[in-house]
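Overview (structure and organization)
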Amino acid sequence: MVLPVSATRMELLNLKKRLALARRGHKLLKEKQDELMRVIQELLKKVRTLRREVEREFTQAIQRFLFARASMEDFAVEDALLFPACSFTIDFRKKMVMNVRIPVFEKHFEGELVTYSFYWTSPELDLALERLEKMVERLVELAEYEKALQLLADEMEKTRRRVNALEYILIPNLEDTVKYIQMKLSEMERGNITRLMRIKDVIRKEG
Amino acid sequence: MIYPERLIEDERYAYAMGVIRSLEQRLLDRSRWERLIEAETPDDALRTLADSDYSAYLPELSSPHEYERMLVRERERVHGLLERLMVDPEYLVYLRTPFDYHNLRIMLKAKIKEMNLSHLLTPFGNIPPAEMERIFQDERYDKLPSHLQVAVERGVVAYYEKYRMDMLDHAVDRCMFEYLTSLEFPFMRNYWRCVADLVNIRTVLRLDVRDEREKMRWVYMPGGFLPEKEFMAACDAGMDSFLHFISRFPYREVVEDGYSYLKRENSFLRFERLMEEFLLRYLSITRYHYMGPEVLVSYWGKKEQEIKNLRIVLSGKINRVPQEVIRERIAV
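Residues numbered from 1 in each chain as written. Chains lettered and ligands numbered in written order. Predicted model: local features only at pLDDT ≥ 70, side-chain atom pairs only at ≥ 80, totals over all residues. Heavy atoms only, no water.

Here we look at the overall build of chain A
What chain A contains, in helices and strands, is three helices and two strands. Here the C-alpha coordinates of chain A stretch approximately 130 × 25 × 25 Å along the principal axes. Taking all 207 residues of chain A together, the buried fraction comes to 37%. Put simply, 78% of the contacts in chain A that link residues at least 6 apart link residues at least 24 apart. For chain A, the accessible surface area stands at approximately 12900 Å², while carbon and sulfur atoms represent 56% of it. Both charge centroids of chain A, one from 39 positive and one from 34 negative side chains, sit 16 Å from each other. (Helix = DSSP H or I, 4+ residues; strand = E, 2+ residues; numbered from the N terminus. Buried < 20%, exposed > 50% of the residue type's maximum accessible area, 1.4 Å probe, protein only. Contact = heavy atoms within 4.5 Å. Areas by Shrake-Rupley, 256 points an atom, 1.4 Å probe, with all protein chains shown as cover. Lys, Arg positive; Asp, Glu negative; His and termini not counted. Charge placed at Lys NZ, Arg CZ, Asp CG, Glu CD.)

Put into structure tokens, the structure is as follows:
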């Protein structure tokens, strides 16, 4: 599609500059898209493995917790977990990957995990809590990767749209317009020459 | 036999003996446990209990998830039965004492944290939960038995030393073991001495898993048969020394098998089973006893174990735990 511009040399020069810029942008965006695809593929592999591991660990932790609960009186379970001495905090910062701000979580466990009576509780509870602690760490890691994946996928989508817009709309339009202006200018040039030749003939006949 | 024991011969228990001997026949036997473990669904497991002591409660359960209600009702029945049969009421007091200590811990925590924790009180103690709450509300600790007054004092001091609830837990548990391992009733006293030893051994293994054996001196429960100094020295010297130390005592089998399973499978299931079986064997020394309160205590212990096993099986069935895992945990 030809852009609605006046067919002047100035416009032609501007359009040529825009076309060159669009081609350079397209090339860079295409490279970015490829790199994003590579990063996403790598991340996807990590997320798949980690998710499987987290699900397995979660099942094991729950099974242990289940056994601990079954071996203890109901009131003893709640009593044991009523006043935890362990706190879990997450520090949050951002890092740039392919011009995308992705989150990085830093996990900190403070205090002791097992702080209850050893007579009233089952040792399976210790193991369940230990597993849950490890699982929470992995879970946060998984959340970090999944969020990064989501943000990178969004960026990928945006880049793809930009690449397509450049490749299938802007660059062809600019090319068409440049071609149109060039044709128009050539036509005007030819018109001028004909007009000049005609004027020359008229002058020659009158003289 | 684990430790030689002189049992009381008391003819006043002749009627109680007859009742208990007949009730012992109704305890769930090995084949019944096998059927329970092999049941396909929780409903099937409950159906297996149709002609047992638990059959009376089955119609009241609208779903297998309500099994805890059935277990509480059965425990109430056993406590009521023992109340009727026990000629010497102080022995019944001894049976209920651990629950008093539990309630005391809860009330101390509630008092320190200014929270309402009455839902965590158990009705199976000697002091009813409402009475316990009143005592703590009015701070009339003099109304508590002297051994519980000591526990209150030590529990509070232990908490304020480091502002840690687990210190309170350990202090009150220590008081409980001091009291129970010095009872006038030799059969129960020795039972609790065995429990103290096994709990201490189990604690060493629990701490060893987390590489925190040095904490043992904080959580050691007194009153067991094992000499404390040697126990602590062996614990400090490492697991090999500890296992060598235990091998001189009747707990050798429990520890060796339980510890190797723990190392192999990273699980305490076998240790807990072996520990409970050890205590069941101790209670079973009353099998050929003519008459005396020990038989009632033995029945109580077996029934408590049965309730615990049933909770494990039903909870396992509801959560689809593999049969072999459940089997590993059930002490019969």
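Description of the pattern of salt bridges
A full pass over the atoms with the stated rule returns 66 salt bridges over all chains. Close ionic contact of Glu74 of chain B with Arg77 of chain B constitutes a salt bridge, the shortest N to O distance being 2.9 Å. Here Glu74 of chain B pairs with Arg77 of chain B, and both are found in helix α4 (residues 67-85), just three residues apart, close to one helical turn. For Arg213 of chain B, the salt bridge goes to Asp208 of chain B, with nearest N and O atoms at 2.8 Å. When its relative accessible area of 18% is taken as the criterion, Arg213 of chain B is described as buried. The exposure class of Asp208 of chain B is buried, given its relative accessible area of 13%. Where salt bridges share partners, they join Glu112 and Asp126 of chain A together with Arg164, Asp166, Arg206, Arg210, Glu212 and Lys215 of chain B into one cluster. (Salt bridge = Lys/Arg side-chain N within 4 Å of Asp/Glu carboxyl O.)

Some points on the nonpolar core
Residues and elements named next belong to chain B. In this structure, Leu104, Phe231 and Tyr251 are the most contacted members of the largest nonpolar core, which totals 111 residues. It is helix α9 (residues 186-209) that provides the largest number of residues to this core, a total of 13 residues. In terms of nonpolar packing, the next biggest core, distinct from the first, is built from 28 residues, Leu46, Leu49, Leu58 and Ile330 among them. (Core = buried A, V, L, I, M, F, W, Y, C linked by side-chain atoms within 4.5 Å.)

What about the packing of aromatic side chains?
Counting across every chain of the model gives 24 aromatic pairs over all chains. Aromatic pair Phe231 of chain B and Phe245 of chain B: ring centres 6.2 Å apart, planes at 80°, arrangement edge-to-face. One end of the pair, Phe231 of chain B, is in helix α11 (residues 228-236); the other, Phe245 of chain B, is in helix α12 (residues 239-246), with 14 residues separating them in the sequence. This pair shows no difference in class: Phe231 of chain B is buried, exactly as Phe245 of chain B is. An aromatic cluster is built from Phe75, Tyr119 and Trp120 of chain A together with Tyr91, Tyr94, Phe177, Phe185, Phe187, Tyr191, Trp192, Tyr282 and Trp300 of chain B, whose rings are joined through pairwise contacts. Residue placement shows Arg75 of chain B over the ring face of Phe124 of chain B; its charged tip is 5.0 Å from the ring centre. Of note, Arg193 of chain B hangs over the ring of Phe225 of chain B, and the distance from its end group to the ring centre comes to 4.1 Å. (Phe/Tyr/Trp six-rings, centres within 6.5 Å; stacked < 30°, edge-to-face > 60°. Lys NZ or Arg CZ within 6 Å of the ring centre and 35° of its normal.)

Things to note about the pairing of strand β1 (residues 87-97) of chain A
Residue and element names in this part refer to chain A. As defined by bridge partners, β1 adjoins strand β2 (residues 100-110) across eleven bridges and the pair is classed as antiparallel. Residue pairing for β2: Arg93 is matched across the bridge by Val104. Linking two consecutive strands that pair antiparallel, namely β1 and β2, is a turn of two residues; a positive phi of about 50° is found at Met98 within it. (Pairing = 2+ DSSP bridges.)

A closer look at the state of the cysteines
Going through the model one piece at a time under the given rule, you end up with zero disulfides over all chains. In this structure Cys194 of chain B is a free cysteine whose sulfur lies 20 Å from that of Cys235 of chain B, the closest cysteine sulfur available. (Disulfide = S-S within 2.5 Å.)

Considerations on the interface of chain A and chain B
Listed by partner, the interface residues are 31 residues for chain A and 50 residues for chain B. Of the roughly 3500 Å² buried at the junction of chain A and chain B (both faces included), carbon and sulfur atoms supply 60%. By the criterion of area lost to chain B, the three top residues of chain A are Phe83, Phe118 and Tyr119 of chain A, representing 21% of everything that side buries. The interface formed by chain A and chain B holds eight salt bridges in total. A salt bridge links Lys109 of chain B to Asp79 of chain A; the shortest N-O distance between them is 2.6 Å. (Buried area = accessible area lost by both parts, 1.4 Å probe.)

Focus: α11 of chain B
Residues and elements named next belong to chain B. Residues of α11 that are buried include every one of Phe231, Met232, Ala234 and Cys235, and no others. For α11, the buried positions fall inside an angular range of 160° around the axis, keeping them on one side. Looking at the packing, one finds that the buried side of α11 touches α9, α10 (216-219) and α12. (Arc of directions from axis to C-beta.)

Describing unusual backbone geometry
What is expected of a backbone is that most residues other than glycine have negative phi and most peptide bonds are trans. Unusually for a residue other than glycine, Met98 of chain A sits at a positive phi of about 50°. The topology assignment puts Met98 of chain A in the loop between β1 and β2. For Arg320 of chain B, which is not a glycine, the phi torsion comes out positive at approximately 55°. Mapping Arg320 of chain B onto the fold places it in the loop between α15 (293-318) and α16 (323-329). You can call Arg320 of chain B exposed: its relative accessible area is 75%.

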